[in-house]
Amino acid sequence: MQGQIPKSAIVSHPHFRNSLRLMASGRRQYPFHLIEPKWQQHWDQHQSFRAFNPGDTVPEGHPFGLRHQLSGQAARAESLPPKFYILDMFPYPSGAGLHVGHPEGYTATDILARYRRARGFNVLHPMGWDSFGLPAEQYAVKTGQHPRVTTEANIANFTRQIKSLGFSYDWSRELATTDPEYFKWTQWIFLKLYNSCFDPETNRAQPIETLKFPLTCTTEEQRRAYRDSKRLAYVSEAPVNWCPELGTVLANEEVIDGRSEVGGFPVIRKPMRQWMLRITAYAEKLLADLDTIDWSDSLKEMQRNWIGRSEGAEVEFQIAAQTCDGRAGAGTDPLQPEKIRVFTTRPDTLFGATYLVLSPEHKLVGQITTAAQQKAVEDYQRFAAGKSDLERTELAKEKTGVFTGAYALNPVNGGRIPVWLADYVLASYGTGAIMAVPAHDTRDFEFATKFHLPVVQVVQPPDSKTDWQGFTDHGISVNSTGPEISITGLATSEAKRKITDWLAEKGLGQATINYKLRDWLFSRQRYWGEPFPIVWKKDAAGNLSHEALPESALPLLPPSLQDYKPAPGGEPPLARAKDWVSLPDGSVRETNTMPQWAGSCWYYLRYLDARNTDAFVGKESECYWMGTTGGAVASAPRPAGAAGPTPGVDLYVGGTEHAVLHLLYARFWHKVLFDLGQVSTAEPFFKLVNQGLILGEDGQKMSKSRGNVVNPDDILGEYGADAFRLYEMFMGPLQETKPWNTKGVEGVYRFLGRVWRLFVDENSETDFEQAETTAEASDRDSLLALIKLNPTIRDVTPTPAQLKTLHACIKKVTEDLDGMRFNTAISAMMVFINEAMTWETKPVEALKTFLQLLQPFSPHLAEELWNKLFAAFNLPLADLPYSPWPRFDPAVLIENKIEIPVQVNGKLRDVITVSISATVPQLEALALANEKAKPYYEGKTLKKIIVVPKKLVNIVAV
RNA sequence: GCCGGUGUGGCGAAAUGGCAGACGCACAGGACUUAAAAUCCUGGGACCAUCAAAAGUCGUGUGGGUUCGAGUCCCACCACCGGCACCA
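A. Spatial organisation of the domain arrangement of chain A. As assigned here, chain A comprises domain 1 (49-186 + 599-692), domain 2 (310-514), domain 3 (712-892) and domain 4 (895-957). A separation of 70 Å is found between the C-alpha centroids of domain 2 and domain 3.

Written out as structure tokens, the structure is:
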């Protein structure tokens, strides 16, 4: 039919392009289209990858039970093999479906899960859905379709795609954050946070009932207010990041350069009543415990920077008395001049402080401003308040500010210094006020230059050639002598210590540690999130106070709505459901919902015991999978090479985009749960690896607008899941960013074809192909049964050379899997196959072992061939995924002849073959006798001969 | 600006301080075929030279250093990627 159409006509016709592409790639290398569904069904039906908890009964005949002698028994923590918890960051099930980036990490973890199973571990490898999220809600706003409907359809599609890749997940533990049975416990954990406070003395969270009230709290209202101010989940009226476009507030972490991380919309600051989580109480632990976990340096560094610990001192400045007369603020006692506290990391530069700067929002501004400056100050405050975050960062180059008219007294020398207002000082950091040392701080220097403020040197750079102006490093203090204290001549660190001690002694300040980390803004004005289990009550005076729902009221379901838009007046969508909001006793429900991060903060714990209806996780399961069975609580740093199971998740793989959001939040929740005795480890994720980004074929980031997105479904259809998995790993190291190249898939696909042809009989393949086209055989299994084993495979003892090839491969694959070097493991298997293709007789033992190595990477093909092999040779059936991992025999790899390079002055001149046992003098003699090397040193003086046995000989001559 | 990472053929990449470029892609030549596809075999860093080959020289971002020997270790710099960015 097509043969009559000129080829050029076909090519130019878009309708034929697809069929041409199929023609170009030719016939299938092997029938993956039959093999892959076959084994996926088999694993599903047999629950092959179900992980067993302590207390579970291992079904009779389950391969895990057969391997570990647990068939039909109730497993106990002590009788189960060591655990290995290998976790993927669960995806948000978007409408767009899977992306080739998702399966990269999933393939890596699946390979390791399968490898660990073969190594005899009890492997926990689960998958679930981070299914709350904005897209489903935006779709609901547009169409009125309930987000749950959208979400379920997306989950179904993601499940189909993920299952088609043959991953060995334990689907019996599948979870979705939108499932009421799941978010019941998310709300439960919120109540734990709500009902806890952080005790600075014990340095841990405790139930709120243990809170000690100060003596000043006498009335019930005062006690309530005090209690509410100490909760780990509290209400704040502070300015928040409001994104008008998204109609919600955002956490600091979700705002990038003044725009929303999702969508890139402008964000403005707006005071609103919001729920906050007191993550700052954990700043120190979150920082310190980074040293106990095995994460990449870059990731740890990102978290350290985000937490932003800085040591310094708070210093108190008196407002100079004269200014009190003319000040604007009324009703305060003029005999009690105000004090301003500043935070500085450089108390040693105190003598160089030539002015103070308050943030425009500082609460003392009104009181200290003089009448003459009042208007200018108020104008400036308005100007600063009107700036969005975006403008504040974009206009950062040019400093702005205004003089308040007030003066402060420098405590070390009594100097009168002006007090200014400027928005380069942030209200939310430190005390919201600074002492400006223009000589030794870049920002202060810029400001002082612009407003002609004095610059006084107080630090001498160690290198006398360095200009002291703008010198911000450590040096020697100069010009730093006052009536009571002198630090002149001291090195910076010593000067800091001395002056801080003096300030403390005088009651003028103290050493302080500040963090960049802010409390976590935890409420969102959205529909599709967990409702807060909180109601608001009004007392007789009309004051609102919040109260937690009892645990028995969980899960608190969101109401059903017709319209998902924010309610009129900017209220969250939940406020539309009047019946739901108003309760019979006159109280009203909280209408904010939790952010998407809430569900992902603890999902790794739910997997441990996903169907538990009595607890968020059962104690025994938690201890077993988190590696603390036996009561050993892993709060202390784990010494290198410590025995026993890893505390926490053994391996967590996901993208870097979660470096400071999810990973910091989850660590925080985990630490609270640890303090409250709910979990047994101080850290959730012991080892964490970030997979690199996969770029499009054009080397650009994949995106719909660039049109370079690769859909896994297309690749699977053409090359199969095994080839897809193999390619994703063969591209390069897991952590690197690398471009996709479909031609590369063809390469690994050809490799799998070679594996297939090594095992099967060519003639039977022809029969199979004919049967397939004429449908002689009716079903998949009888079609596949037509494929016979290659007759050159025999039950014979491998030759030493064959054994060497095999064991070199076992060694390389094993070591590379331990080091997560998947790409080189695959190339080792390619080397083996290239070699084995040349064998005239193929020993069945060697091929069996090879399939065990291949199984983690390309499990479907390996299973099919394994079972064919066993049937053909009448071997007692063994389940491939649970067959013990091959061991390599170093004795087999020993050569008696090896090639040794001969160098002259470090340059290669020849390669000689010598006995493995050649001694140093023998090697020396052989090298000197070498004719090719001779010309390069003849006529020169032999200085020495370097001989590294089994490595090389180097003749050094001058 | 600060912090972290990466620089190796046409491309993805590989190399406990010891033969740079394994393995794969793309390419070229050959075998099989009426022809193609598929498959199998062979080749290949650059330069110089040549009918051809051998031999030679240079080569891991740049410049120095350590070493018998450096892609690998040290110092300085350049480029790209990622993160943070008025945090006092």
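B. Broad picture of the protein's contact with RNA strand B. Within the structure, RNA strand B sits among 55 residues, and Ser310, Thr345, Lys399, Arg443 and Tyr936 are positioned closest to it. Near-protein atoms of RNA strand B (within 4 Å) split between backbone and bases, with sugar and phosphate holding 64%. Interatomic distance of 2.3 Å between a side-chain N/O atom of tyrosine 936 and a phosphate oxygen of RNA strand B. No other element matches the six residues that helix H29 (residues 822-836) contributes to the surface near RNA strand B. Each residue belonging to the surface near RNA strand B can be placed in one class, and the counts come to 24 nonpolar, 15 polar and 16 charged.

C. Just unusual backbone geometry, in detail. In this chain, leucine 554 is followed by proline 555 through a cis amide linkage whose omega measures 0°. Looking at the secondary structure, you find proline 555 in the loop between strand S25 (544-548) and helix H18 (578-581). Even without being glycine, histidine 452 reaches a positive phi, approximately 55°. Position of histidine 452 relative to the elements: it lies in the loop between helix H16 (442-451) and strand S20 (459-460). One non-glycine residue, asparagine 479, lies in positive phi territory at about 50°. Within the secondary structure layout, asparagine 479 lies in the loop between strand S21 (476-477) and helix H17 (492-506).

D. Region of interest: the pattern of salt bridges. Here the structure, examined in full by the defined rule, presents 46 salt bridges. Across the pair glutamate 864 and lysine 38 runs a salt bridge, and its minimum N-O distance is 3.0 Å. Here lysine 38 lies in helix H3 (residues 32-46) and glutamate 864 lies in helix H31 (residues 859-872), a separation of 826 residues in the sequence. Given the relative accessible area of 22%, lysine 38 is considered partly exposed. Of the charged contacts, one joins lysine 868 and glutamate 864 as a salt bridge, the two residues approaching to 4.0 Å between their closest N and O atoms. Note that lysine 868 and glutamate 864 are positioned in helix H31 at a spacing of four residues, about one turn of the helix. Residue classification places glutamate 864 among the buried positions, given a relative accessible area of 3%. Salt bridges linked by common partners bring Asp289, Arg667, Lys671 and Glu683 together as one network.

Criteria and cut-off values
Residues numbered from 1 in each chain as written. Chains lettered and ligands numbered in written order. Predicted model: local features only at pLDDT ≥ 70, side-chain atom pairs only at ≥ 80, totals over all residues. Heavy atoms only, no water. Domains from an automatic or database assignment. Near = heavy atom within 4 Å. Polar contact = N/O pair within 3.5 Å; in protein donor to acceptor, adjacent residues only side chain to side chain. Helix = DSSP H or I, 4+ residues; strand = E, 2+ residues; numbered from the N terminus. Nonpolar A, V, L, I, M, F, W, Y, C, P; charged D, E, K, R; others polar. Salt bridge = Lys/Arg side-chain N within 4 Å of Asp/Glu carboxyl O. Buried < 20%, exposed > 50% of the residue type's maximum accessible area, 1.4 Å probe, protein only.

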